[in-house]
Amino acid sequence: MTVHEENPVAEQVIAPGPSGSQLRRFDRDAIGFVTGLEQEYGGVVRISLGPFVVHLVSDPAAVKHILQDNAKNYVRGKFYGNFDLFFGRGMLTTDGAEWRERRQVSQPFFHKPRLVEKSPAITECASDLVDQWEAAADRGDPVDVTDGVMTLAMGVFGKMFLGVDLRPHSAELQPATLFAMQAVLRSGSVSQLLPRWVPTRYRRTSTAHRATLDRVLDDVVERHVRGEVQEHTVVSALLAARDEHGAPWPREAVLAELKTLFLAGHETTGCSIVWTLHAISQHPEVRRGLEAELATVLGGRTPTVEDLPALDHLRHVVAESLRLYPAVWSYPRDVVADDTIGGYHVPAGSSVLLSSYATQHSRSLWENPEAFDPRRFCPAHQDGDRPKYAYYPFGGGARKCIGFEAALMEVQLVVATVVQRVRMDLTPGRPTGIWPKASLRPVPNVLMTATRVSS
Ligand code: HEM
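Residues numbered from 1 in each chain as written. Predicted model: local features only at pLDDT ≥ 70, side-chain atom pairs only at ≥ 80, totals over all residues. Heavy atoms only, no water.

Participant: Just checking my understanding: could you explain the overall build of the chain for this structure?
Facilitator: Across its full length, the chain holds 18 helices and twelve strands. For the chain, the spread of C-alpha atoms along the principal axes amounts to about 75 × 55 × 45 Å. Taking all 455 residues of the chain together, 52% fall into the buried category. If you take every contact in the chain between residues at least 6 apart in sequence, the share linking residues at least 24 apart comes to 73%. Element-wise, carbon and sulfur atoms account for 54% of the exposed surface of the chain, whose accessible area totals about 19800 Å². Charge separation in the chain, taken as the distance between the mean sites of 49 positive and 53 negative side-chain charges, equals 4 Å. (Helix = DSSP H or I, 4+ residues; strand = E, 2+ residues; numbered from the N terminus. Buried < 20%, exposed > 50% of the residue type's maximum accessible area, 1.4 Å probe, protein only. Contact = heavy atoms within 4.5 Å. Areas by Shrake-Rupley, 256 points an atom, 1.4 Å probe, with all protein chains shown as cover. Lys, Arg positive; Asp, Glu negative; His and termini not counted. Charge placed at Lys NZ, Arg CZ, Asp CG, Glu CD.)

Pasting the structure below:
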């Protein structure tokens with residue numbers, strides 16, 4: 001007989017948390033809310049969001065339990081309803097066999113040797129961007145770093161995985177992506193609560209942005225069908241995929257996978273690059289350390305993936321930036337069967353909300369957590385034995401980010417290319433805030449002035 005059968009009531013300890021619906025507080029200041037709850041109540045906090053019972057989870061052992069040890073009990077669920085609108089029904093929103101089939105098709109494109117082969121696309125796009133920033137520097141104009149980096153990230157994603165340069169579509173894809181990042185989240189707003197058939201301005205805008213994503217990515221598929229893309233890409237793999245009956249995937253399923261990879265992949269990486277450049281601009285000693293390391297290791301030549309293991313300081317700077325600003329800062333799951341997390345009862349049908357942001361900013365896990373200090377990741381300075389899930393910017397377990405190695409390569413190579421060639425200074429008078437939607441975005445767009453490093 002198990003302990004549970006002997007004394008089921010004894011296990012039903014309810015996690016601490018505030019009373020009443022927290023939806024308003026969450027909508028008003030999600031970041032302040034999750035970090036505040038972690039400080040006040042600990043790593044497993046029970047809250048109500050409207051009619052839903054949700055456990056906010058930031059304790060590393062509890063995160064491991066959900067993402068790894070008992071992952072089958074935690075599925076996509078009620079909070080993913082709006083994701084399908086933009087991402088389609090793809091790898092991010094499915095579970096079980098449906099998810100496995102999708103992930104298997106794309107997985108080979110994320111294996112290290114393939115990424116290494118495609119990595120020159122990163123420095124090509126980065127060099128194009130720095131060329132533009134140097135030209136702006138010569139004119140004395142500031143640059144919109146967010147806009148430039150998002151365009152770069154689209155370029156890299158398209159070249160590495162689709163065999164197509166998406167940068168010419170940036171002007172229409174950027175607003176569509178931004179809209180999607182907000183619209184996929186369930187909120188208490190009237191525009192979202194009205195039935196989908198009610199025609200409002202919000203709905204019309206939403207339809208237009210979805211149509212843009214569909215059109216641009218469907219055109220990429222068409223180019224493959226017409227034989228205009230010669231290389232083997234994620235698109236050709238999706239077109240060649242067969243279901244269990246030997247039939248090709250419906251076009252909609254192919255498109256859903258591409259939208260998923262595009263939306264999950266480029267904007268998160270773009271945000272991480274912008275946050276890193278922002279942090280470097282605020283810490284001159286970090287910038288000087290990077291400039292010195294890059295000069296020693298590269299001596300002025302363009303960085304490659306092979307150089308990355310020798311660039312320790314760069315790696316620590318990027319790791320610290322992903323700690324402070326994890327681009328996917330929180331994500332929910334629904335609970336299949338009753339469970340106990342950190343000693344607390346978590347009922348079937350309720351939800352959990354994992355927050356890497358709350359974990360990675362926890363005072364009980366990190367010394368002076370709000371400070372940007374890359375030395376934390378230096379083996380000589382590591383402050384104690386941190387548990388595995390004290391740091392998980394890319395999630396964990398079977399659902400760990402498929403693009404984590406690609407993203408790390410890209411952020412490191414882009415930051416190296418920029419720091420090597422230009423010094424970026426934040427335009428004064430525009431404080432940077434955090435916009436916590438599906439991704440964690442700096443707002444407003446980050447403006448900076450570039451200065452050539454050699455000048
Ligand atoms: C710094 C950049 C990135 C960050 C911080 C990030 C973070 C994450 C996290 C935390 C998850 C897990 C979410 C969950 O468990 O619910 C995830 C999943 C995912 N990411 Fe990333 N990601 C990044 C870049 C990328 C890139 C470059 C791609 C593809 C090109 C990508 C594609 C995906 C996909 C498809 C999933 C869903 C995987 C699955 O459920 O099997 N991500 N990402």
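Participant: Sorry if this is basic, but what is going on with the sheet that holds strand 4 (residues 143-144) here?
Facilitator: Sheet strands associate in pairs through backbone hydrogen bonding, adopting either a parallel or an antiparallel arrangement. The strand order across the open sheet built from three strands is 4-12-9, with neighbouring strands paired in antiparallel fashion. Each edge of the sheet is formed by a strand with only one pairing partner; in this case those strands are strand 4 and strand 9 (422-426). The sheet contact formed by strand 4 and strand 12 (residues 447-452) spans two bridges and is antiparallel. Paired with Asp144 across the bridge in strand 12 is Leu447. (Pairing = 2+ DSSP bridges.)

Participant: Hey, could you run me through the coordination of the iron atom of the ligand in this one?
Facilitator: Expected angles at a metal are 109.5 degrees for tetrahedral coordination by four donors and either 90 or 180 degrees for octahedral coordination by six donors. What the protein offers the iron atom of the ligand as a donor is a single atom, Cys401 (SG), at 2.3 Å. Here Cys401 lies in the loop between helix 17 (356-360) and helix 18 (404-421). (Donors = N, O, S within 2.8 Å, 3.2 Å for Na, K, Ca; no water.)

Participant: Please clarify how the packing of helix 8 (residues 120-139) against helix 9 (residues 145-162) should be interpreted in this entry.
Facilitator: A pair of packed helices can be characterised by two numbers: the angle between their axes and the separation between those axes. Where helix 8 meets helix 9, the axes come as close as 9 Å, and the angle between the chain directions of the two elements is 155 degrees. Considered as vectors, helix 8 and helix 9 are oriented roughly antiparallel to each other. The handedness of the crossing between helix 8 and helix 9 comes out as right-handed. Two secondary-structure elements touch here, helix 8 through Ala121, Ile122, Glu124, Cys125, Ala126, Leu129 and Trp133 and helix 9 through Val145, Gly148, Val149, Leu152, Gly155, Val156, Lys159 and Met160. (Axes fitted to C-alpha atoms, helices over the stretch in contact; angles between N-to-C directions. Parallel < 35°, antiparallel > 145°, perpendicular 65-115°, else oblique. Left-handed = near helix turned anticlockwise from the far one by under 90°.)

Participant: Can you walk me through the confidence of the model for the chain in this structure?
Facilitator: Low-pLDDT stretches of the model should not have their predicted coordinates read in fine detail. Per-chain confidence: the chain averages 93 in pLDDT, with 94% of residues scoring 70 or above. Within the model, the stretch residues 1-6 combines pLDDT values under 50 with three contacts to residues more than four positions away or in other chains. (pLDDT = per-residue confidence, 0-100.)

Participant: Is there a simple way to think about unusual backbone geometry in this case?
Facilitator: Comment: phi is negative for the bulk of residues other than glycine, and the bulk of peptide bonds are trans. The omega torsion across Val443 and Pro444 is -10 degrees, close enough to zero to call that bond cis. Positive phi, normally seen in glycine, also occurs at Asn368, with a value near 45 degrees. Turning to its location among the elements, Asn368 is positioned in the loop between helix 17 and helix 18. Note on Asn368: relative accessible area 55%, which makes it exposed.

Participant: Any chance you could explain the UniProt feature "binding site: heme" (unreviewed entry) in the chain here in plain terms?
Facilitator: UniProt tags Cys401 as "binding site: heme" (unreviewed entry). Beyond its immediate stretch of four places on either side in the chain, Cys401 contacts Arg103 and Phe394. (UniProt positions renumbered as here; feature names shortened; annotations may be inferred.)

Participant: Looking at this structure, how should I read the pairing of strand 2 (residues 52-57)?
Facilitator: In summary, the side chains of a regular strand alternate between the two faces of the sheet. Note: strand 1 (residues 44-49) against strand 2, six bridges, orientation antiparallel. Within strand 2, the position partnered with Val44 by the bridge is Val57. Counted along the chain from strand 1 to the antiparallel partner strand 2, the turn is two residues long, and its residue Gly50 has a positive phi close to 55 degrees. Bridge analysis of strand 2 against strand 8 (residues 351-354) gives four bridges, and the strand direction is parallel. Bridging from a neighbouring strand, Val54 pairs with Ser351 of strand 8.

Participant: I tried to follow the site of the ligand on my own but got confused; where do I start?
Facilitator: Close to the ligand lie 27 residues; Trp99, Arg103, Arg333, Arg399 and Cys401 are nearest. Within the contact set of the ligand, an oxygen atom lies 2.8 Å away from a side-chain nitrogen or oxygen of Arg103. One of the side-chain N or O atoms of Arg399 is found 2.8 Å from an oxygen atom in the ligand. Those elements that place two or more of their residues in the shell around the ligand are helix 6 (96-106), helix 9, helix 14 (251-282) and strand 5 (331-335). Broken down by element, the shell around the ligand gets its largest block of residues, six residues, from helix 14. Here the shell around the ligand is built from residues that sort into 17 nonpolar, six polar and four charged. (Near = heavy atom within 4 Å. Polar contact = N/O pair within 3.5 Å; in protein donor to acceptor, adjacent residues only side chain to side chain. Nonpolar A, V, L, I, M, F, W, Y, C, P; charged D, E, K, R; others polar.)

Participant: Hey, could you run me through the nonpolar core in this one?
Facilitator: Grouped burial of nonpolar side chains is what soluble globular proteins tend to show. The biggest cluster of nonpolar side chains holds 132 residues, and the ones touching the most others in it are Trp133, Val145, Phe161 and Leu162. Per-element tally for this core: the top contributor is helix 14, with 14 residues. The residues touching Trp133, leaving out its near neighbours within four places in the chain, are Val143, Val145, Val149, Leu277, Val418, Val422, Met424 and Ala450. (Core = buried A, V, L, I, M, F, W, Y, C linked by side-chain atoms within 4.5 Å.)

Participant: Help me understand the sheet that holds strand 8 in this model?
Facilitator: If you trace the five strands from one edge of the open sheet to the other, you get 1-2-8-5-3, paired in mixed fashion. Each having just a single partner strand, strand 1 and strand 3 (74-75) make up the two edges of the open sheet. Packed on one face of the sheet, helix 3 (residues 30-41) meets strand 1 and strand 2 and runs near 135 degrees to strand 1. Strand contacts of helix 4 (residues 60-69): strand 1, strand 2, strand 3, strand 5 and strand 8, with the helix running at about 115 degrees to strand 8, the strand carrying the most contacts.

Participant: Explain the packing of aromatic side chains here, please?
Facilitator: If you walk through the whole model with that rule in mind, you get 16 aromatic pairs. Taken together, a centroid distance of 5.1 Å and an interplanar angle of 45 degrees make the contact between Phe83 and Phe87 tilted. Of this pair, Phe83 and Phe87 both sit in helix 5 (residues 83-87), separated by four residues, roughly a single helical turn. For Phe83, a relative accessible area of 11% puts it in the buried group. (Phe/Tyr/Trp six-rings, centres within 6.5 Å; stacked < 30°, edge-to-face > 60°.)

Participant: Honestly, the packing of helix 8 against helix 18 in this entry has me stumped. Any pointers?
Facilitator: Taken N-terminus to C-terminus, the directions of helix 8 and helix 18 make an angle of 35 degrees; their axes are 9 Å apart at the nearest point. Where helix 8 crosses over helix 18, the two elements pack in a sense that is right-handed. Between helix 8 and helix 18, the residues in contact are Ile122, Thr123, Ala126, Ser127, Val130, Asp131, Trp133 and Glu134 and Met409, Glu410, Leu413, Val414, Thr417, Val418 and Arg421, respectively. When its residues are assigned to classes, the contact of helix 8 with helix 18 shows eight nonpolar, three polar and four charged.

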